[in-house]
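Structural overview
The lines below spell out each chain.
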Amino acid sequence: MKKLLLLAALLGQSALAAYPERPIKVIMPFPPGGTVDVLTRLVSSEAGETLGRPLVLEYKPGAGGTIATDAAARAAPDGYTILVTTPNHTINPALRTTLPFNTANDFVAVTLFANIPELLVAHPSVPFESMDGLLKYAKANPGKLSYSSAGMGTLPHITMELLLRSAAVEVTHVPYKGAAPAFTDLLAGVVQLKYDTYATSAPMLREGKLKVLATAGRERLPQLANVPTVAESGFAGYEGYLWVGALAPRGTPREAVAALSAALTKAARSAKVAARFEADGVETPPAGPEELSRLIAAELKLWAKVVREANIKITD
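Values in this document were obtained by computation on a predicted structure and should not be read as measured data. (Residues numbered from 1 in each chain as written. Predicted model: local features only at pLDDT ≥ 70, side-chain atom pairs only at ≥ 80, totals over all residues. Heavy atoms only, no water.)

1. With respect to the sheet that holds strand E10 (residues 241-249)
One open sheet holds the five strands; their spatial order is E2-E1-E3-E10-E4, and the pairing between them is mixed. Strands with a single pairing partner mark the edges of an open sheet, and in this sheet they are strand E2 (55-59) and strand E4 (107-117). If you compare each strand with its neighbour and ignore which way they point, the axes differ by 25° on average. Sheet analysis places strand E1 (residues 24-28) next to E2, joined by five bridges and oriented parallel. By the bridge assignment, Val26 is partnered in E2 with Leu57. Relative to E2, helix H2 (residues 35-51) is tilted by about 155°, and along the sheet it contacts E1, E2, strand E3 (81-85), E4 and E10. (Pairing = 2+ DSSP bridges. Helix = DSSP H or I, 4+ residues; strand = E, 2+ residues; numbered from the N terminus. Axes fitted to C-alpha atoms, helices over the stretch in contact; angles between N-to-C directions. Contact = heavy atoms within 4.5 Å.)

Here it is in structure tokens:
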């Protein structure tokens, strides 16, 4: 009996040492070409070098990320499927009365690998240059300003509502079917405000087609050192981040989670990825399963409160 147990243990160690033995599927909840996709492909390529097996992206966009998340929840928990996750994961439970998975219990955290601070940008025609100017104008002209987003319940919508409720001002939300048309109408002056990212806004800022009022990170962006954060502008503790991380189906072996976490974390800190992150105004966050788990738990509570108080509703 002891010999059998020893043999089983040795076989288990041998199987573990061989992980991964085949490519790892990375389920992507967004279409190709967006910021999250570009960063994930870059990090996945580097992580594949560490693991010795490629990380292969599989695109399942739609329904605010729930299609991809459901596919990941149903996948075999064998270490060969991970889900790219963003704040959609923590916003959806507050917006949708039914989900085909349990957000809190059907997944295990792998790691965070990117933090993209939002920028509050404005059409150059607006008669203010700062957060303070925006608030004064909005209070004097309730409902006159409008802001665009990629749709109801998207991160820019929810984080803007958090800011507006904190400031007690009225700005009209104009939802679009995607970030591209929302950005196009901002440039055209159809709407006056938008939360965006440095990577997409920077060319327009340089050409004077947009102006930036504040950044929503914990610290000022090095590329925009003279632009204060929202927190510095009178909203202590306020943050707006498009974070990017990875989850695995519940039951995925701890050893596989640890290997994936280490490889993704190492990739995000590699010279090649770090250079791209710096150019695009992306921060490298504290990484690991614990960090992602804490973030998800905190945001589930926060967004539930924001959605309830702002009375945000979408059709399931």
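Text resumes after the structure shown.
2. Some details on helix H4 (residues 88-95)
Counting buried positions over the eight residues of H4 gives six, a clear majority of the element. Asn88, His89, Thr90, Ile91, Asn92 and Leu95 are the residues of H4 that are buried. Where H4 is buried, its residues touch helix H3 (66-74), E3, E4, helix H6 (155-167), E10 and helix H11 (289-310). (Buried < 20%, exposed > 50% of the residue type's maximum accessible area, 1.4 Å probe, protein only.)

3. Thoughts on the packing of aromatic side chains
According to the stated counting rule, one finds three aromatic pairs in the structure shown. Ring centres of Phe101 and Phe107 lie 6.0 Å apart, and the angle between their planes is 75°; this geometry places the pair in the edge-to-face category. The same class applies to Phe101 as to Phe107, namely buried. Both rings, one in Phe128 and one in Tyr137, keep their centres 5.6 Å apart while their planes meet at 50°; by these two values the pair is tilted. Classification of Tyr137 as buried rests on a relative accessible area of 19%. Of note, Arg22 hangs over the ring of Tyr80, and the distance from its end group to the ring centre comes to 3.7 Å. (Phe/Tyr/Trp six-rings, centres within 6.5 Å; stacked < 30°, edge-to-face > 60°. Lys NZ or Arg CZ within 6 Å of the ring centre and 35° of its normal.)

4. Re the pairing of strand E7 (residues 172-175)
The side chains of a regular strand alternate, first on one face of the sheet and then on the other. Examined bridge by bridge, strand E6 (residues 146-149) and E7 share four bridges and lie parallel to one another. Considered in E7, the bridge of Ser146 is made with Thr172.

5. Some remarks on the sheet that holds strand E5 (residues 119-122)
The five strands are arranged E7-E6-E8-E5-E9 in an open sheet whose pairing can be described as mixed. Two strands close off the open sheet at either side, each with one partner strand: E7 and strand E9 (211-215). Neighbouring strand axes in the sheet, compared pairwise and without regard to direction, differ in orientation by 30° on average. In this structure, E6 lies alongside strand E8 (residues 193-196), joined through two bridges in parallel fashion. Bridge pairing links Tyr147 to Leu193 in E8.

6. Side note on the nonpolar core
Within the largest apolar cluster, 67 residues are counted, with the highest numbers of intra-cluster contacts made by Leu163 and Leu193. Setting aside anything within four residues of it in sequence, one finds Leu193 in contact with Val121, Ala122, Phe128, Leu134, Leu145, Ser146, Tyr147, Ser148, Val171, Leu186 and Leu213. Counting 16 residues, the second largest nonpolar core, distinct from the first, contains Leu186, Val191, Ala202 and Val212. (Core = buried A, V, L, I, M, F, W, Y, C linked by side-chain atoms within 4.5 Å.)

7. With respect to the packing of H2 against helix H10 (residues 271-279)
Packing of H2 against H10 leaves a shortest axis separation of 10 Å and a crossing angle of 165°. When the axis of H2 is compared with that of H10, the two are roughly antiparallel. As H2 packs across H10, the resulting crossing turns out to be left-handed. Residues Val38, Leu39, Leu42, Val43 and Glu46 of H2 form the contact with H10, whose own contacting residues are Lys272, Val273, Arg276 and Phe277. Grouping the constituent residues of the contact of H2 with H10 by class yields six nonpolar, no polar and three charged. (Parallel < 35°, antiparallel > 145°, perpendicular 65-115°, else oblique. Left-handed = near helix turned anticlockwise from the far one by under 90°. Nonpolar A, V, L, I, M, F, W, Y, C, P; charged D, E, K, R; others polar.)

8. Re the pattern of salt bridges
Taken as a whole and judged by the stated rule, the model has 14 salt bridges. Of the charged contacts, one joins Arg74 and Asp70 as a salt bridge, the two residues approaching to 3.0 Å between their closest N and O atoms. Here the residue Arg74 and the residue Asp70 both occupy positions in helix H3, the gap between them amounting to four residues, near one helical turn. On the basis of relative accessible area, Asp70 is assigned to the buried category, the value being 16%. (Salt bridge = Lys/Arg side-chain N within 4 Å of Asp/Glu carboxyl O.)

In short, geometric facts, not functional conclusions.
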